[in-house]
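The chain contents come next:
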Amino acid sequence: MSCRLSDEIKSAVDAIQCEATEFLKTIVAIDSTLDKGEGEVQTAILKLLQEALGSGSESIGVKRKQPNCFDIECIPVILDKIKDKRGFSPVDWNYDESKFNVVASYQGCSDDGSGGSNKALLLQGHVDVVPANESDGWTHPPFTPIIKDGRMYGRGSGDMKAGVVAMIYAVIALRRIGYLPRTNVTICTVIEEECTGNGALAANHTSLLPFSDTIKTAVIIPEPFEFIVNAQMGVLWFNAKITGKPCHVLQTSAGSNAIEGAFSLFAALKALEEKYNEPSNRHPAYKGIDHPVNFNLGKIEGGNWASSVPSSCRFEARVGFWPGVTIEAVKRDIESTLNDEANKLGLGLEIAYRGFQADGAVLLPDFVGGEALGKKSLQTDFVDSLQKCYKTASADDESNAGRELLVKPITCTCDARFYSDLYQNSNNVVVTCFGPESDSIHGVDESVSLKSFRDCMLTIALFIEEWCGLEKEDSE
């Protein structure tokens, strides 16, 4: 990449920064927790893509090749099409017209979209967020975005609406200065990353569809990690219903307290958590990471009267596990641990699974230890290109100048697993997460750095040139 071109791209991103920030504010203001505003955010993105990258017409989803335009599609998530696929997470809710993904695809200048190159790019991100209530202690209402000291505060600002806006506006910035990618580029925004991954599962085939087995496809998911992610944990959600024996508190010993039993059962699970974390069980990608496997008691309810021993209690929990461990093996561990404890306490127990059944995944096998150790592969080409673009994007920041992104794992899950070698041919598809620096994601006063938001946008714009190449838009 020439200095002139990189400077031109930098100027384009800086010129669009304010517009991108305003759009970020618009979608952060939408409560897109499950079954609320996911569709509203997707509709706003759909409109932006159609106006900025599409034909500008209202005929969204009609497949027709238009010069210099992305094809914009609204893809409904249909339960019957995904419920039997590997990676499906079970749900007890319906999928209706408000549940859809957005895919914007551009085919490069040659007939096969390769533009003389065998590389392509997919930019993917989710629009849903986790719940937030002002009563939890937020300084400002969580869905009233506030900018202060160079940061935007609001639920979803970091996880991951800033990343979504950055990847979209990286492409728009290039388009504004008359450039289009030489090779296939696809933008995909999905629902339900925070609870199932079913949005990405439904979009998986469509978002990779333009790319053939001969094309090397890079996938960037700008989750709020300002580093290159090489692995992610598996995650399983379950709920447990505990049945005790009710009685008056004056005869407590004659009953069995289901709520106290729930805590005893979860204590047994915490012992299993420690077993998973033992050095002999540790996955090599997580060497040096403190306590990477975590179990969480996320919700509990039970009882109906302060002076009655509760006869029932229900809790929901999240269990983390290593890449390479099967979901069925984790289920067996959960069930045997809880059943043994329930039998010991004389409690009834029912276990059901709803939500995440997400495999752990190594995203960059050549970088399991954080370095590629001299190997040359699609993965090293990808990481080297991303490092180069990040260095250029952050060169004006004296504190970051010349700094390389760390390569390390995350102790949670995300949609990147669907683009790992669990689902794709790693000789043809490579994936990572890299996005803007954020704070308190899933917590109180979540925020994102607007400087990092800009650097992420510029990094992706530069990466499009580096990986795909650019051509001047045909003005005819």
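Here's a quick rundown of the structure. Quantities reported herein were computed from a predicted structural model and do not represent experimental measurements.

A tally of regular secondary structure across the protein gives nine helices and 22 strands. Here the C-alpha coordinates of the protein stretch approximately 85 × 45 × 45 Å along the principal axes. Sorting the 476 residues of the protein into buried and exposed places 56% on the buried side. If you take every contact in the protein between residues at least 6 apart in sequence, the share linking residues at least 24 apart comes to 81%. Carbon together with sulfur atoms contributes 49% to the accessible area of the protein, which is approximately 19,800 Å² in total.

Okay, the pattern of salt bridges next. A complete count under the given rule lists 26 salt bridges for this structure. Close ionic contact of D14 with K10 constitutes a salt bridge, the shortest N to O distance being 3.3 Å. In this pair, D14 and K10 both sit in helix 1 (residues 3-28), four residues apart, roughly one turn of the helix. Looking at D14, the relative accessible area reads 32%, which means it is partly exposed. Among the ionic pairs, D31 bridges to K36, the shortest N-O distance being 3.5 Å. Taken together, the shared-partner salt bridges in this structure form one network comprising K10, D14, D396, K451, R454 and D455.

Below, the discussion takes up the packing of aromatic side chains. Here the structure, examined in full by the defined rule, presents 13 aromatic pairs. Note on F382 and F463: the rings are 5.8 Å apart at their centroids and 85 degrees apart in plane angle, and the pair reads as edge-to-face. Pair noted here: F382 is in helix 8 (residues 378-393) and F463 is in helix 9 (residues 450-468), with a separation of 81 residues, a long-range link. Assessed through its relative accessible area of 0%, F382 is described here as buried. According to the relative accessible area criterion, F463 is buried, its value standing at 0%. On the basis of an interplanar angle of 75 degrees and a centroid distance of 6.0 Å, the ring pair of F382 and W467 is categorised as edge-to-face. Taken together, the residues F382 in helix 8 and W467 in helix 9 connect sequence positions 85 residues apart. Here W467 falls in the buried class, since its relative accessible area comes to 2%. Sitting over the ring of W467, K119 keeps its end group 4.1 Å from the ring centre. One Lys or Arg, K408, reaches over the ring of F227 and ends 4.5 Å from the middle of that ring.

A few words on empty space enclosed by the protein. The rolling of a water-molecule-sized probe over the atoms marks out the regions of remaining empty space. Within the structure shown, the criterion is met by three cavities of 30 Å³ or more. Counted as a void, the second largest cavity has a volume near 60 Å³. If you go around the second largest cavity, the residues you meet are L363, P365, Q379, Y419, S420, D421, S426, V429, V430 and V431. Looking at which element gives the most residues to the lining of the second largest cavity, the answer is strand 19 (residues 429-433), with three residues. For the lining of the second largest cavity, the residue count by class is six nonpolar, three polar and one charged.

At their nearest, the axes of helix 4 (residues 157-176) and helix 9 sit 8 Å apart, and the two run at 50 degrees to each other. Relative to helix 9, helix 4 is oriented oblique. The element helix 4 and its partner helix 9 pack so that their crossing is right-handed. Of helix 9, the residues touching helix 4 (which contributes A162, V165, A166, M167, Y169, A170, V171 and L174) are F453, C456, M457, I460, A461 and I464.

What follows covers the sheet that holds strand 7 (residues 185-190). Here we have six strands laid out as an open sheet, ordered 1-2-7-3-8-19, and mixed in their pairing. With one partner strand each, in any of the chains shown, strand 1 (71-76) and strand 19 form the two edges of the open sheet. Neighbouring strand axes in the sheet, compared pairwise and without regard to direction, differ in orientation by 15 degrees on average. Pairing between strand 1 and strand 2 (residues 100-106): six bridges, direction antiparallel. Bridged to E73 within strand 2 is V103. Contacting strand 3 (119-126), strand 7 and strand 8 (216-221), helix 4 crosses the sheet at an angle of about 145 degrees to strand 3. Contacting strand 3, strand 7 and strand 8, helix 9 crosses the sheet at an angle of about 155 degrees to strand 3.

Criteria and thresholds
- Residues numbered from 1 in each chain as written.
- Predicted model: local features only at pLDDT ≥ 70, side-chain atom pairs only at ≥ 80, totals over all residues.
- Heavy atoms only, no water.
- Helix = DSSP H or I, 4+ residues; strand = E, 2+ residues; numbered from the N terminus.
- Buried < 20%, exposed > 50% of the residue type's maximum accessible area, 1.4 Å probe, protein only.
- Contact = heavy atoms within 4.5 Å.
- Areas by Shrake-Rupley, 256 points an atom, 1.4 Å probe, with all protein chains shown as cover.
- Salt bridge = Lys/Arg side-chain N within 4 Å of Asp/Glu carboxyl O.
- Phe/Tyr/Trp six-rings, centres within 6.5 Å; stacked < 30°, edge-to-face > 60°.
- Lys NZ or Arg CZ within 6 Å of the ring centre and 35° of its normal.
- 1 Å grid on protein atoms, 1.4 Å probe; cavity = no way out; pocket = protein on both sides within 12 Å on 5 of 7 lines; lining within 4 Å.
- Points joined across faces, edges and corners; volume = space filled by probe spheres on them.
- Nonpolar A, V, L, I, M, F, W, Y, C, P; charged D, E, K, R; others polar.
- Axes fitted to C-alpha atoms, helices over the stretch in contact; angles between N-to-C directions.
- Parallel < 35°, antiparallel > 145°, perpendicular 65-115°, else oblique.
- Left-handed = near helix turned anticlockwise from the far one by under 90°.
- Pairing = 2+ DSSP bridges.

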